[in-house]
Amino acid sequence: MVTDGQMRLQELVGRRGGMVLLAATLAGLAAGGGLTLLGLSRAGSASWVATTALAMAPSLWWVVDGLRRSRLGVDVIALLALVGALLVGEYLAGAVIGVMVASGRALEAWAAASARRELSSLLQRAPKVGKRHTPAGVETIPLQQVEVGDLLLVGSGDVVPVDGVVASQLAVLDESALTGEPLPVEHPAGEPVRSGVVNSGDPFDLRVTAREADSSYAAIVRLVREAESSTAPFVRLADRYAAWFLLATLLIAGGAWAYSGDLVRAVAVLVVATPCPLILAAPVAIVAGLSLAARRGVVVKGGRSLEQLARCRVLLLDKTGTLTIGQPEVADVLSAGPRPGTEILRLAASLDQASSHVLAGAIVRAARLAGQTLSAPTGAREVAGSGISGVVEGIPVAIGRAAFAGATEELPWVRAARRRAALEGAATVFVQVGPTAAGVLLLADPVRPDAARTLRALRRAGIERVAMVTGDRPEVAQAIGAAVGVDDIFAERAPADKSDVVQMERRRGPVMMVGDGVNDAPALALADVGVAIGARGASVSSETADVVLTVNRLDRLGEAMAVARRSRSIAMQSVVAGMVMSLAAMGVAAAGYLPPVAGAVLQEAIDVIVILNALRALRPGGGSRALPAPDAEVIREVRGQHPAIRAAIEGIRTAAEALDTEEPADALRGVRELRASLVREVQPHEEAEQTVLYPVLDRLLGGTDATGTMSRAHGEILHQIRLLGRLLDQMGSDAPGPADLAELRRLLFGLYAVLRLHTEQEEEYYLSLAEE
């Protein structure tokens, strides 16, 4: 395997060698011209002959090297043109051709370096050493010696060398090299950190969780090496076309010579016969696409994968971790009695602070997200497979299975909770407070906010069919599929069954399979293009896949497919346009209207045009626009308020449900508190969105009224809040009657539905723009 150092050395030698040859041939051409102007024509001709001979030497080597690789390259054309110029006494033309050959090589080296800049930067910035804490102080050691559990010091400006968790109070990291996100990200103590990001804040300590070879950045480096070492089918096809082009050139040159008896015409044909559109434009465009994708956090394993990605017509997706976030969240709290759901969640989360169960972290996060203050539990005792019990604020609390938490299956509310959990694909965690069961927490794996938008973008990019392939139950899969808009669902499929689905769908066209787990690896390997989400965790799927999303965002797949299609289109444009121009010039030269010197200049112009066009693949498509920093900050600020808004939305449903389960006076008191919260938090948020956020979005999205529909929702939300206030004022302090309760229930559930839908639409369509 070629090492990173060897690759950089080869690139350096190639660039410097090309520049030296270009400088020498330019000097020879200029010297010959100067001597001729001084009347020393023989000396000038000698200088041009020497320049031609100087260019012949590397041309001959390139031809021999190609033959050793069983490839009759188009360098033969350049060599024949140089030899022909000397034979017919066109010494100036020979010198110009020499400059043309040298400039072509220099242009090739520059274009290739520009195209692969992002890929090369990933390799070059790979850390080599770590700073480990020892009793004697901090020592610098080779990265291979770092072990799991070591405590490392990451200095300001240092690249995080291995995966780990933050062992200091806070780490501020620049993750742009891996994710494309421009702003620093704060990671508090205990939060995991990936290798390859840069410490943009103060020095911090890192507790190692993976050795160098197993860390995220090492996986990305391996993927980049694979990407650089492969050749795209289109590029290999261009090589085959180049062989036919060589044959056509020789036939045209020979025909011109035979018809006219003038060898100069044949030389002129050889001079303008530029193979650059075939041998250089195609690979430059493809590598530029790889580089642009890498900049956005998508590592495509070579040109073949990029081209296949552009051709895919069928998309298969795993559910868990692909269409969903991949980790549980508290979806609802169902109360079995007078104790409110917020109190049940607070007590459960307080106890779960002492639990190591996979669902415990989700419960604690939900309580903290709702702004609740948790208490320290005492006497916590965890029973594997059942639950955890302990004392919170002097109250016995138990969390876990129904029987463990005192909830029997005969109870109507338990059966109702089971039915709802089955319909929504949720897990149930029952909570006992004191001697009786108090309620149940429903936990679900939520759909990614960007999932539906990504699928729409992929359809616009050429995907004709989208199907979900999952091992989950049909009813759960159907709920997720309906939310994101898939065409078909294959549920309860084992890994082997997923491979069968891939085989079956390949009859419809090239298949892209997206997954994130070890169980997806066989299907990823079988698909025309396998896409793995995340370069760590599911390492088997990442190694098997053709494309790896190094950021945990599905929408980057849509970007990668757009890049793939655009890169291939630009490569084709460069080849077709360049070949048409070259063949036209050959025809003119064969007719005797284009002398060798002018032909050499024209050939160089064609090369430059083709290369510059191929490098357009480095730039995002016309639909991509950079978001100004102030606008991005406005969007992020609004998005940061949404967790509180979501908590208020759940409070609306809780208050509405309490109208049926609590005493009317108590329920009314809860509604009044809710209304005060809506006026204090939700109403100012919606008004600020309308006056601050939406003007930014209108300017960004364009059109006459891009946010008109969403503005209408703002008006409805504010109207519903006002109606709720009026109704409460009219009711005064009197006990509400059945008609009053029915009207309150109608208003609350209507407000809940509108506000929830509006918030989710904002997050899917607008608030994700700051992540672009």
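Given the structure is predicted, the values throughout are model-derived calculations rather than measurements.

Criteria and thresholds
- Residues numbered from 1 in each chain as written.
- Predicted model: local features only at pLDDT ≥ 70, side-chain atom pairs only at ≥ 80, totals over all residues.
- Heavy atoms only, no water.
- Pairing = 2+ DSSP bridges.
- Helix = DSSP H or I, 4+ residues; strand = E, 2+ residues; numbered from the N terminus.
- Axes fitted to C-alpha atoms, helices over the stretch in contact; angles between N-to-C directions.
- Contact = heavy atoms within 4.5 Å.
- pLDDT = per-residue confidence, 0-100.
- Patch = residues over 30% accessible without salt bridge, like charges linked within 9 Å, V, L, I, M, F, W, Y side chains within 5 Å.
- Areas by Shrake-Rupley, 256 points an atom, 1.4 Å probe, with all protein chains shown as cover.
- Salt bridge = Lys/Arg side-chain N within 4 Å of Asp/Glu carboxyl O.
- Buried < 20%, exposed > 50% of the residue type's maximum accessible area, 1.4 Å probe, protein only.
- Arc of directions from axis to C-beta.
- Polar contact = N/O pair within 3.5 Å; in protein donor to acceptor, adjacent residues only side chain to side chain.

1. Details of the sheet that holds strand 20 (residues 511-515)
Thought 1: Here seven strands make up an open sheet; going across it, the order is 10-22-21-20-11-18-19 and the pairing mixed. The outermost strands of the open sheet, each flanked by one partner alone, are strand 10 (298-300) and strand 19 (488-490). Neighbouring strand axes in the sheet, compared pairwise and without regard to direction, differ in orientation by 20 degrees on average.
Thought 2: Taken together, the three bridges between strand 18 (residues 465-469) and strand 19 define a ladder with parallel strand orientation. Paired with Val 469 across the bridge in strand 19 is Phe 490.
Thought 3: Set on the sheet, helix 21 (residues 555-590) makes contact with strand 10, strand 20, strand 21 (529-533) and strand 22 (547-549); between it and strand 20 the angle comes to about 150 degrees.

2. Examining the confidence of the model for the protein
Where the model shows low pLDDT, its predicted coordinates should not be examined in detail.
Thought 1: Chain-level statistics for the protein give a pLDDT mean of 80 and a share of 84% at 70 or above.
Thought 2: Segment residues 1-14: pLDDT under 50, and 13 contacts once partners within four positions in sequence are set aside and those in other chains are kept.

3. Details of a nonpolar patch on the surface
Thought 1: The grouping of Leu 60, Trp 61 and Val 64 at the surface amounts to a nonpolar patch, some 300 Å² of accessible area in total.
Thought 2: Considering the arrangement of structural elements, one finds Leu 60 in helix 2 (residues 41-68).

4. Quick word on helix 18 (residues 495-505)
Thought 1: Those residues of helix 18 that sit buried are Lys 498, Ser 499, Val 501, Val 502 and Glu 505. Burial along helix 18 is one-sided: seen end-on, the buried residues are contained in an arc of 155 degrees.

5. Points about the side chain of Ser 350
Thought 1: Within the element layout of this structure, Ser 350 appears in helix 13 (residues 341-352).
Thought 2: In terms of polar contacts, Ser 350 uses its side chain to reach the backbone amide nitrogen of Ser 375, at 3.1 Å.
Thought 3: For Ser 350, the residues in contact, after removing those within four places along its chain, are Leu 374, Ser 375, Pro 377 and Val 392.

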